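Okay, here's what each chain looks like letter by letter:
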Amino acid sequence: MRWVDWYGDASLYVLDVALACCSLEFDAAVPGSASPTVEPPTDGRTAVVISGTVTDRLAPAVASMVDAVRARQSVPPVVVAYGVCACSGGPYWDSYAVTKGVDTLLPVDVHVPGCPPTPDALREVLDAVVGAPA
Amino acid sequence: MSPTDAGVHGRIRLIEPACTSCMLCVRECPVWCITLDSHTEPDPDAAPGARVRLVNVLDRFVIDWNLCMYCGICVDECPFDALAWDAHHPAAAPVPEALRHGIAELA
Amino acid sequence: MTGVRVEDWHAAVLAACGDGYDWFDWLGCTDEIGVSDELRVVLSLRRLDEPGLPELLLECRVPRSEPRLASVRDVYAGAAWHEREAAEEFGVEFVGGDRRRLLLDGGVTAPLRKDEVLAARTAESWPGAKEPGESDAGAGAAGAASPSRRRMVPPGVPSPEVWGDRDPVSSPPDPAEVAASVSGGRVRRRAR
């Protein structure tokens, strides 16, 4: 898990919750101008992108990560379920060990379909976040 | 061009006139992301006075993009080539319901 | 693949290591139900001094009802994790091994045994259970599935007379029959 200053200009900070294969598409989506950041300013605009399968074992950690961001930031983060595993459990929905979508844990603002989605799909979602009024 | 030819696997589209509601795609889908409702009607093309034959009529066909894993088994299995790859990716949505696409969205 | 008896397992692994197969590759398990009432534990070793040589595979069969085997983590430290996984997924007990759970809490036991049914698939209604000409809205016009017609079961779910909706006074399902019936398709009749 790491924070990324997405455009490198402090306009959007993205928390990369990299759980499985979709995280590779996240990596491909990161703009060239991005810079890694330790933690965003508390009034910064943020997005949390959950990429990949959430196991039941890891689910509490994912939930508390998002809760921590919510508690810290004055503007609520945009929560993105990136890929079908994050949306519904995806191909592993019937597993004995998999959470059937992040929205069984916490509210999700954007559901990105695909297995995996394209990097462009994530860029479009985050471009729209920045485009939205604060 | 056959539906299984290479191209961008953006989404799977339904060619409604070709679908016979045989349920093969629904049953073969490994993640159960396809739902299909149909009913039967007497065959309108039967010759007058011929024995009544029933045909399936498709009522509802939904792909749940929250689940589809893009394996393409449905495209491969359809005996009537009613499913095909298409370059247009389904857009992200605020709620899961918006990612369940019916016959109109799948065209 | 070299078969090793349960009581010789640790000694055989130690001997292989001493013979130059000192690189641990993996340890895995399969459920042989339907073939024999056993779990098969397989160990793959390599020798780095002669990389062109094929792997050495050692296997040991333990009864499903009492799957107990000596841990070899004292020979290969890396085996500890693989043994934990086999223990969690198949219920094998590695004596002297690392007892910690990996991924699952107590609620699920030995999920990779073939007679363990995926609960989610039995709870969720399968869209493929409908027949052509049928819809959720109710019985279709003439020709749709009649109420007494047996429904197809999805892959991963045994047919009702084997598991689930059964005659309560009949004997418990035979694990081999549950394992065999999960391939789905047409509803099977139980062997008489």
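How each quantity is defined
- Residues numbered from 1 in each chain as written.
- Chains lettered and ligands numbered in written order.
- Predicted model: local features only at pLDDT ≥ 70, side-chain atom pairs only at ≥ 80, totals over all residues.
- Heavy atoms only, no water.
- Helix = DSSP H or I, 4+ residues; strand = E, 2+ residues; numbered from the N terminus.
- Buried < 20%, exposed > 50% of the residue type's maximum accessible area, 1.4 Å probe, protein only.
- Areas by Shrake-Rupley, 256 points an atom, 1.4 Å probe, with all protein chains shown as cover.
- pLDDT = per-residue confidence, 0-100.
- Contact = heavy atoms within 4.5 Å.
- Buried area = accessible area lost by both parts, 1.4 Å probe.
- Salt bridge = Lys/Arg side-chain N within 4 Å of Asp/Glu carboxyl O.
- Nonpolar A, V, L, I, M, F, W, Y, C, P; charged D, E, K, R; others polar.
- Expected span 1.5 Å × (residues − 1).
- Arc of directions from axis to C-beta.

K.L.:
Explain the overall build of chain C to me, and be specific about the residues and the numbers.
P.N.:
Check the secondary structure of chain C and you find 4 helices and 6 strands. For chain C, buried positions account for 41% of its 192 residues. Counting only carbon and sulfur atoms, one obtains 52% of the accessible surface of chain C, whose full area is about 10500 Å².

K.L.:
Give a description of the confidence of the model for chain B that names residues and reports values.
P.N.:
Detailed reading of predicted coordinates is not advised where the pLDDT is low. Scored by pLDDT, chain B has a mean of 92; 94% of the residues are at 70 or more. Considering each helix and strand of chain B separately, the mean pLDDT is smallest for strand β2 (residues 34-42) of chain B, with a value of 95, and largest for strand β5 (residues 100-101) of chain B, with 98.

K.L.:
How would you summarise the interface of chain B and chain C if you had to cite specific residues and measurements?
P.N.:
Counting residues at the interface gives 17 residues for chain B, matched by 21 residues for chain C. Around 1400 Å² of area is buried between chain B and chain C when both sides are counted, 55% of it from carbon and sulfur atoms. Three residues, R27, W32 and T40 of chain B, lead the burial of chain B against chain C; their summed loss comes to 52% of the area buried on that side. Summed over the shared surface of chain B and chain C, the result is 2 salt bridges. One salt bridge connects E131 of chain C with R27 of chain B, and the closest N-O pair in it is separated by 3.3 Å. Broken down by secondary-structure element, the contributors of at least two residues to the side of chain B that touches chain C are α1 (24-28), β2 and β3 (54-64) of chain B. Examining the composition of the side of chain B that touches chain C, we find that 7 residues originate from one element, β2 of chain B, more than from any other. When the residues that make up the side of chain B that touches chain C are grouped by side-chain class, the tally is 8 nonpolar, 6 polar and 3 charged.

K.L.:
Requested: an account of the pattern of salt bridges, with residues and values cited.
P.N.:
Under the criterion given, the structure shown has 28 salt bridges over all chains. Residue E97 of chain B is joined to R100 of chain B by a salt bridge in which the shortest nitrogen-to-oxygen separation is 3.5 Å. Across the salt bridge formed by D98 of chain C and R100 of chain C, the nearest N and O atoms sit 2.8 Å from each other. On the basis of relative accessible area, D98 of chain C is assigned to the buried category, the value being 17%.

K.L.:
Which residues make up helix α4 (residues 119-131) of chain A, and what are the values?
P.N.:
Residue and element names in this part refer to chain A. Given a rise of 1.5 Å per residue, 13 residues ought to cover 18 Å, and the 18 Å separating the end C-alpha atoms of α4 matches this to within 8%. All of the buried residues in α4 are P119, A121, L122, V125, L126 and V129. Seen from one end, α4 has its buried residues packed into an arc of 165°, which puts them on one side. Pointing more than 90 degrees away from the buried face of α4 are the exposed residues E124 and G131. The inward-facing, buried residues of α4 abut β2 (13-18), α1 (22-29), β4 (46-51), β5 (78-82) and β6 (110-112).

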